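Residues per chain, in single letters:
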Amino acid sequence: MRFRRAPVAGAAVAFAVGIGVARVQGWWDFQQPVVVLIGALVLLVGVWLVAMRWGVRVCVFPVLAVWVVLGMGAAGWRVSAPVSARFTTMGDGLRREVRGRVVRVREAEPVVGGAEKDADGVAPWEMTEDLPGEQAAGQQGGRGRATVVDVAVEEMEEVTREGDGMVAATGGVRMSVYGEAGVRCGDEVEFEGRLRTPVRYRDDGVFEVGNALERDGVELTGYTSGLRVVGTGAAGWGCRVKGAQAWASGRMMGFVASGVNGGMPRWLRLERADGEMLDAMLFGDRAGLSHALRRGFERTGTFHLFVVSGLHIALLAGVVWWGMRKLRAVRWLATLVTICAAGGYAVVTGFGQPAQRALVMVSVYLVARLLNRETDVLNALGAAVLALLVWQPGSLFEASFQMTALAIVAIGGIAVPLGEWSVLRYAKVARGVFRVWGRGEATRREAGLRLVLELWGEEVAAVVGDWGRRAPARVVTGVAWVGELALVGVVAELVMVLPMAEYFHRAAVFGVPANMLVIPLIGVLAPAGVLTFLGSLVSPWVAVVPGAVTAGLLHLVRLGIGRVNGLGAADWRVPGPVWWVGLGAVLAWVGCCWLVRRGRWGAWVTVFVLPCVAAVVLWPEPVVYVPGRLEVTSIDVGQGDSALVVRPDGVAMVVDAGGPVGSHGVAEVVSRFDVGEEVVSNYLWSRRVRRVDVVVLSHAHTDHMGGMPAVLRNFRPRELWVSVDTDSALYRALLAEAAELGVRVRHLAAGDALDWGGVGVEVLAPARGYGHAGAPKNDDSLVVELGYGKSRVLLEGDAEKASEAAMVASGRLTPVTLLKVGHHGSVTSSGDAFLAAVRPKDAVVSVGRRNTFGHPREEVIGRFAGLGTRFYRTDLMGARTFLLDGEGNVEER
């Protein structure tokens, strides 16, 4: 890996810089950017031609500048179907007739929903602020499944005052079809359904689900009871890829369910969970992985097992290449067969971006070998990066792309050269014993080690026979191999600490030992899994032997990861570093790639720099807060509730944590999208919060409690404040989680008063002695008033008129500075007598965009307007922050 021999890598870096500059500067927002780019390109080519008179080295700079300009031009490149102007305006939740062509079909997860419906007959859980398409239908509280169908729309019903009619519309919709859809890719379909724009949580640091859907060509989402097939057609490329992935997954699960596999001993039998792991590991289909299994591998830094990446494709290519060479195939035929096999496997896995990058790199490497050119890690990476950035410039800003590039630089640029100065030297000596070495091939120390190994070999051979002559050398080779594996793991983990902290907010404390266990096993497990799959295509009896090997290895991996995962320190959650720390870390690693080749002193400097950079990336930074002010931020969690309270000294409290809308918390809602993990926690990390002092649960409804377990795990609060215990399985699970984490649970009732670090806390509801044995109710809500000097904040939860009347009758209500509006602005709360008593200066309501409940209701908004209260709502404004001083003044941001 020499920089002078990696011109393609330089071009790729310059191209990426151009894309980044265009995005940061908003280049494509300017007038006529294409004209400016063409002019700059012509000018630079002219400079390049002139610079050629001074030599090649001078030409490097204008050539790189040309690539920068090309990158700026590519930043505006889009590989997607056009979207008509009127299309996105139809995501308003109304029922519409739609016609189009199916482009993708897949199955979603089950959800258990309740029976409560609104005036339109729509259940709340049918319009949750969840990942579109990941929820399934319920039948009066029963369990159902949804088939997720992507449709390229051709016509759509337009609803106007003059009448309804079908109009031409172009765009993509993702529909949840309850039950069996009965459609295939390429079918022309008609259906009636509610459409909406994808949910976007407008909070700092929160991943935009809508952006991910747009990359899949989806602009609207919705649900329908069924699709009508009105014609058939040929499936597109995307459909064929997904169909191949589903076919492979189905064949693997078919073998798992076979009687031949079921008759094997438990340790050699593939269970359903093993089959789901193999689907993810071999074919990239992670839909079946349980949340608990995913979390265990995420905590130990080994979730990359379930991302079909360079490791899997390189293993397959290596096996195919080795087999072709053993069959004495000519090199061009071996290269062609290997590339075709790797390409076919990439298609079966869904042809995701990691697979695309790996396929390009394998192809570049094999073609370079075929042409007898010196293969170079940086050049291969540069070719892959350049090809992918030309096709998808936006992938530069995606986590998987950045992690792939960093991993290869860490291994090829730092770990391998360090190994050549250390363990690889001993492996080289051990492999070369009992052969004639050329002049200058070994140093004096290496020659001495070889002599010792040969003498020991002779001694061993005298005792056990001639076969033991190489035993000492093999021992040293094995030790060197383990040392190399550890070195690669340590360097990779030290470099990957940046993307892990930035994108996943994790520091994999046990990542090195876990990967040292997993990576050697995956080298055997992946080929065994492929052989199991290939055998299942013939007969279950053919697949039974590789299936038994695969099962044993999978159980060993799960056992090892489970033991590591059980350690409390395995899950260390951290905020991402500030931008200048990340930039400094990248520059330091580039410097290490250069230093490690400068000699022994450079290697030692690199050994010192790597852990120092990792420590700086993970170094705790101060919480972002305003000293001397009490902060209340209403976090945008859709149709739920969550707030962050920060004391004047920077200590944090979280009140509720959002969640999917259920039937008043009676039924368990199963979802892959965790609002507490993906929204609330990410917002807190964007504020540099590492620990939360207190978490408050107003009541046990899912839209307040659903995200609470993730908040407890990620921020380990000192106390959890609750009101009354109710009959809810989710609530009992939350209390069990708190006990496991060592969080003190405190039950509060009206009349309780606490001092929270200089901020007074007074509990106004529920009344002492209030309680019931049934399901959770809105009037269970824990209503607290926070006092800081003359400022007062009232957090009402979902308290309704009965609770409000009890608070008014108690005489403890006084005018407040800020009111967190009760029950999302429903008419069941914010009664006239209650508002007359509290008379807030500002009020904020947490509510989902275009929710089916009509929250906040117009009459409620009118009541606040009559009081002269400034009214804020998260569905239109996103997260709102209120800063209160000791004099009763409030500033909204």
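Each chain has its residues counted from 1, running along the sequence as written. Selection of residues for local features in this predicted model requires a pLDDT of at least 70, selection of side-chain atom pairs for listing and counting requires 80 or more, and totals for whole chains, interfaces and linings are taken over all residues. Excluded from the side-chain calculations are hydrogens and water; all other atoms, namely the structure's heavy atoms, are used.

A. Representation of the confidence of the model for the protein chain. Per-residue confidence for the protein chain averages 81 on the pLDDT scale, and 83% of its residues sit at or above 70. One number per residue, pLDDT, summarises how confident the predictor is, and it ranges from 0 to 100. In this text, helices come from DSSP runs of H or I with a minimum length of four residues, and strands from runs of E with a minimum of two, each type numbered from the N-terminal end. Per-element confidence in the protein chain ranges from a low mean pLDDT of 40 for strand β2 (residues 111-112) to a high of 97 for strand β14 (residues 694-696). We call two residues contacting when some pair of their heavy atoms lies within 4.5 Å. Contacts of residues 109-143 to residues separated by more than four positions or lying in other chains number 108 contacts, the stretch itself having pLDDT below 50. Here residues 663-670 is a poorly scored stretch, pLDDT under 50, and it has 25 contacts once near neighbours within four places are set aside; other chains count.

B. A look at the packing of helix α13 (residues 399-421) against helix α20 (residues 600-618). Interaxial distance between α13 and α20 falls to 10 Å at its minimum, and their mutual angle equals 130 degrees. As judged from the angle between their axes, α13 and α20 are oblique. In terms of crossing hand, the pair formed by α13 and α20 is left-handed. From α13, I414, L418 and W421 reach across to α20, where they touch R600, A603, T606, V607 and L610. Lines fitted to C-alpha atoms define the axes here, with helix axes fitted over just the stretch in contact, and angles between the N-to-C directions of these axes take values from 0 to 180 degrees. Any angle between 65 and 115 degrees counts as roughly perpendicular, while under 35 counts as roughly parallel, over 145 as roughly antiparallel, and the rest as oblique. Should the near helix be turned counterclockwise from the far one by less than a right angle, the crossing is left-handed, whereas a clockwise turn marks it as right-handed.

C. Quick look at the sheet that holds strand β21 (residues 818-820). Strand pairing follows a simple DSSP-based rule, namely that at least 2 bridges must link the two strands. Reading across the sheet, the 7 strands line up as β17-β18-β19-β20-β21-β22-β23 and stay open at both edges, with mixed pairing between neighbours. The open sheet has two edge strands with one neighbour each: β17 (753-756) and β23 (870-873). Neighbour to neighbour, the strand axes of the sheet diverge by 20 degrees on average, direction disregarded. Of the pairings in the sheet, the one linking strand β18 (residues 759-765) to strand β19 (residues 783-788) comprises 5 bridges and is antiparallel in character. Residue pairing for β19: G760 is matched across the bridge by G787.

D. The arrangement of the side chain of E719 in detail. By secondary structure assignment, the location of E719 is in strand β15 (residues 719-722). Accessibility expressed as a relative area gives 4% for E719, which makes it buried. Separated by 2.9 Å, the side chains of E719 and R744 make a polar contact. Setting aside residues no more than four positions away along its own chain, E719 makes contact with D693, V694, V695, V743, R744 and R746. Whether a residue is buried, partly exposed or exposed follows from its accessible area with a 1.4 Å probe, protein chains only, as a fraction of its type maximum: under 20%, in between, or over 50%, in that order. For this analysis, a polar contact is any N or O atom pair within 3.5 Å, provided that within protein one partner can donate a hydrogen and the other can accept it, and provided that sequence-adjacent residues contribute only side-chain to side-chain pairs.

E. Focus on the nonpolar core. Here, nonpolar core means buried Ala, Val, Leu, Ile, Met, Phe, Trp, Tyr and Cys residues that are tied together by side-chain atoms lying within 4.5 Å of each other. Ranked by size, the top nonpolar core spans 39 residues in total, and within it L270, F283, I313 and L554 carry the most contacts. Only α5 (237-256), α7 (272-283), α9 (310-326), α10 (331-348), α11 (353-370), α17 (511-538) and α18 (540-565) provide two or more residues apiece to this core. One finds W685, V689, F715 and A738 within the second-largest nonpolar core, a separate group that totals 33 residues.

F. Summary view of the packing of aromatic side chains. Under the pairing criterion, centres of Phe, Tyr and Trp rings, with the six-membered ring standing for Trp, must be within 6.5 Å; the plane angle then separates stacked pairs below 30 degrees from edge-to-face pairs above 60, leaving the rest tilted. In total, this model carries 5 aromatic pairs according to the counting rule given. Ring geometry for W685 and F715: centres 5.3 Å apart, planes at 35 degrees, overall tilted. Taken together, the residues span a long stretch of sequence, with W685 in helix α21 (residues 675-686) and F715 in helix α23 (residues 708-715) at a distance of 30 residues. Taking the relative accessible area as the measure of exposure, W685 reaches 1% and is therefore buried. The buried category is assigned to F715, whose relative accessible area is 0%. Consider the rings of Y872 and F882, whose centres lie 5.3 Å apart with planes at 75 degrees: the pair is edge-to-face. Taken together, the positions of Y872 in strand β23 and F882 in strand β24 (residues 880-884) put the pair 10 residues apart, joining distant regions of the chain. Given a relative accessible area of 12%, Y872 falls into the buried group.

G. Representation of the pattern of salt bridges within the structure. When a carboxyl oxygen of Asp or Glu lies within 4 Å of a side-chain nitrogen of Lys or Arg, that pair is called a salt bridge. Within this structure, the stated rule accounts for 31 salt bridges. A salt bridge links E97 to R228; its shortest N-O distance comes to 2.4 Å. Here the residue E97 occupies a position in strand β1 (residues 92-107), and R228 occupies one in strand β8 (residues 228-231), the gap between them amounting to 131 residues. Taking the relative accessible area as the measure of exposure, E97 reaches 16% and is therefore buried. One salt bridge in this structure joins R174 and D150, with 2.8 Å as the shortest N-O distance. Pair noted here: R174 is in strand β5 (residues 164-178) and D150 is in strand β4 (residues 146-159), with a separation of 24 residues, a long-range link.

H. Main features of the environment of V153. For V153, the position within the fold is in strand β4. V153 sits in the buried class, given a relative accessible area of 4%. For the pair V153 and V98, spaced 55 residues apart in the sequence, the C-alpha separation amounts to 7.1 Å. Sequence-distant contacts of V153, defined by excluding residues within four places in its chain, comprise F87, V98, R99, G100, A169, T170, G171 and V173.

I. Quick look at a nonpolar patch on the surface. The grouping of V330, W332, L333, L336, V367, L370 and L371 at the surface amounts to a nonpolar patch, some 620 Å² of accessible area in total. Elements with a contribution of two residues or more to the nonpolar patch: α10 and α11. Within the fold, W332 resides in helix α10. By relative accessible area, which is 54% here, W332 ends up exposed. In this analysis, a patch consists of residues with relative accessible area above 30% that form no salt bridge, clustered at 9 Å for like charges and at 5 Å for the nonpolar side chains Val, Leu, Ile, Met, Phe, Trp and Tyr. Accessible surface area values rest on a Shrake-Rupley calculation with a 1.4 Å probe, where residue burial reflects the displayed protein chains alone.

J. Broad picture of the sheet that holds β15. Pairing is mixed in the open sheet, where 8 strands are placed in the order β16-β15-β14-β13-β12-β11-β24-β25. Each end of this open sheet is capped by a strand with a single partner; those strands are β16 (744-747) and β25 (890-892). Averaged over all adjacent pairs, the angle separating strand axes in this sheet is 20 degrees, with direction ignored. Note: strand β11 (residues 630-634) against β24, 5 bridges, orientation antiparallel. For E631, the partnering residue across the bridge sits in β24 and is L883. Sheet contacts for α21: β11, β12 (642-646), β13 (652-657) and β24; angle to β13, the most-contacted strand, approximately 155 degrees. In this fold helix α24 (residues 729-741) packs onto β15 and β16, with an angle of close to 155 degrees to the strand it touches most, β15.

K. Molecular detail of the side chain of D203. Within the fold, D203 resides in the loop between β6 (188-196) and α4 (209-215). One buried charged side chain, D203, makes no salt bridge at all; its nearest oppositely charged neighbour is R202, positioned 7.9 Å away. In this structure, D203 is in contact with I635, D636, V679, Y683 and A879, ignoring residues within four places of it in sequence. We count Lys and Arg on the positive side and Asp and Glu on the negative side, and we leave His and both chain ends out.

L. View of the environment of A169. Tracing the backbone shows A169 in strand β5. Given a relative accessible area of 1%, A169 falls into the buried group. For the pair formed by A169 and E154, sequence separation is 15 residues and the distance between their alpha carbons is 5.4 Å.

M. Spotlight on helix α25 (residues 801-810). Three or more residues of α25 are buried, namely S803, E804 and M807. Along the axis of α25, the buried positions cluster into a sector of 100 degrees, meaning they face one direction only. Projecting away from the buried face of α25 at angles above 90 degrees are the exposed residues A802 and A809. As for α25, its buried residues are in contact with β18, β19 and α26 (832-838). Remark: G811 follows α25 within two positions and exhibits a positive phi of approximately 75 degrees. It is the directions from the helix axis to the C-beta atoms that the arc portrays.

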